[in-house]
Amino acid sequence: MRVKGVVGPEHGIFKYRIIKKANNTEETEEVIFDWVDVDCFNTILKEDTLIDIYNLEYFDYYIEIETTAEKNVLSSNKNIYIKEIQFLRNFNIQLGEENINPDLSFISIGGIR
């Protein structure tokens, strides 16, 4: 999951939490990240990635975002600007141990797309 927004000299702090949704009535919701602070202060006004989480398993989640009305001591204001929330698929690609046998020869070479 990726949250994009704006950072700058007039930007403040927000917090977020991510909750894994229960699949049925027997399960309970599980808090994955619990109220993590994000400081949007930067000396230069620019678009940036505010949250970048790539290790979530394939389940349904809630994201709660809350403005805190706080700011960095260097910031001149408490602005928060979130431009886009992206939900990205994680394929959990893992490579196994490589076995190389120098005695093997190949007649043809192919690939998987």
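Every chain is numbered on its own, with residues counted from 1 as its sequence reads. At least 70 in pLDDT is required for a residue's local features to be given in this predicted model, at least 80 for side-chain atom pairs to be given and counted, and no such filter applies to totals for whole chains, interfaces and linings, which use all residues. The basis for the side-chain values is all heavy atoms of the structure; hydrogens and waters are excluded.

Q: Let's hear about the overall build of the protein chain: which residues, and what values?
A: When its secondary structure is counted, the protein chain shows zero helices and six strands. For helices the rule is a DSSP run of H or I covering at least 4 residues; for strands it is a run of E covering at least 2, with both sets numbered from the N terminus onward. Reading the protein chain from its N terminus to its C terminus gives the helix and strand order β-β-β-β-β-β. A total of 113 residues make up the protein chain; the buried ones form 23% of that total. When contacts within the protein chain are restricted to residue pairs at least 6 apart in sequence, those whose partners lie at least 24 apart make up 78%. For the exposure calls, accessible area comes from a 1.4 Å probe over protein chains only, and a residue counts as buried if that area is under 20% of its type's maximum, exposed if over 50%, partly exposed in between. For this analysis, residues touch if any pair of their heavy atoms sits within 4.5 Å.

Q: Requested: an account of the sheet that holds strand 4 (residues 46–52), with residues and values cited.
A: Only when DSSP finds a minimum of two bridges between them are two strands counted as paired. Read from one edge to the other, the open sheet built from three strands follows the order 4-1-6, with strand pairing classed as antiparallel. Only two strands of the sheet have a single partner each, and these edge strands are strand 4 and strand 6 (81–86). Geometrically, the sheet is characterised by an average inter-axis angle of 25° between neighbouring strands, direction not taken into account. The pairing of strand 1 (residues 2–7) with strand 6 spans five bridges and is classified as antiparallel. Considered in strand 6, the bridge of Val3 is made with Ile85. Angular values range over 0 to 180 degrees, each being the angle between N-to-C directions of two axes fitted as lines to C-alpha atoms, with helices fitted over their stretch in contact.

Q: Provide a residue-level description of the pattern of salt bridges, including the pertinent values.
A: By definition, a salt bridge exists where a carboxyl oxygen of Asp or Glu is found within 4 Å of a side-chain nitrogen of Lys or Arg. This structure, assessed with the given rule, holds six salt bridges. Lys20 is paired through a salt bridge with Glu30; the nearest N and O atoms lie 4.0 Å apart. With Lys20 in strand 2 (residues 13–20) and Glu30 in strand 3 (residues 30–39), this pair connects stretches of sequence that are 10 residues apart. Since its relative accessible area comes to 17%, Lys20 is described here as buried. Note on Glu30: relative accessible area 42%, which makes it partly exposed. The network of salt bridges with shared partners includes Arg17, Asp34 and Glu64.

Q: How would you explain the packing of aromatic side chains if you had to name every residue and give the values?
A: Stacked, edge-to-face and tilted are the three classes for Phe, Tyr and Trp ring pairs, Trp counted by its six-membered ring, which pair at centre distances within 6.5 Å; planes under 30 degrees apart are stacked, over 60 edge-to-face, the rest tilted. Under the definition given, this model contains zero aromatic pairs. Its end group placed over the ring of Trp35, Lys15 keeps NZ or CZ at 5.1 Å from the ring centre. The ring centre of Phe59 lies 3.8 Å from the NZ or CZ of Lys20, which sits over that ring. For a Lys NZ or an Arg CZ to count as sitting over a ring, it must be within 6 Å of the ring centre and within 35 degrees of the ring normal.

Q: Give a description of the side chain of His11 that names residues and reports values.
A: Assignment of secondary structure puts His11 in the loop between strand 1 and strand 2. Those residues in contact with His11, other than ones at most four positions away along the chain, are Val6, Cys40, Phe41, Leu45, Ser75, Asn77, Lys78, Asn79, Ile80 and Tyr81.

Q: Residue-level account of unusual backbone geometry, with values.
A: Positive phi values are uncommon outside glycine, yet Trp35 reaches one of about 45°. Summarising the element assignment, Trp35 is placed in strand 3. Of the residues examined, Trp35 reaches a relative accessible area of 28% and is grouped as partly exposed. For Ala69, which is not glycine, the phi torsion reads 60° and is therefore positive.

Q: Mind laying out a nonpolar patch on the surface, listing which residues take part and the relevant values?
A: Where nonpolar side chains cluster on the molecular surface, the patch consists of Ile65, Ile85 and Phe87 and spans about 290 Å² of accessible area. Here Ile65 shows up in strand 5 (residues 61–70). Surface patches are defined over residues having more than 30% relative accessible area and no salt bridge, joining like charges when they lie within 9 Å and nonpolar side chains (Val, Leu, Ile, Met, Phe, Trp, Tyr) when within 5 Å. Here the Shrake-Rupley method, with its probe set to 1.4 Å, supplies the accessible areas, and only the displayed protein chains count as covering residues.

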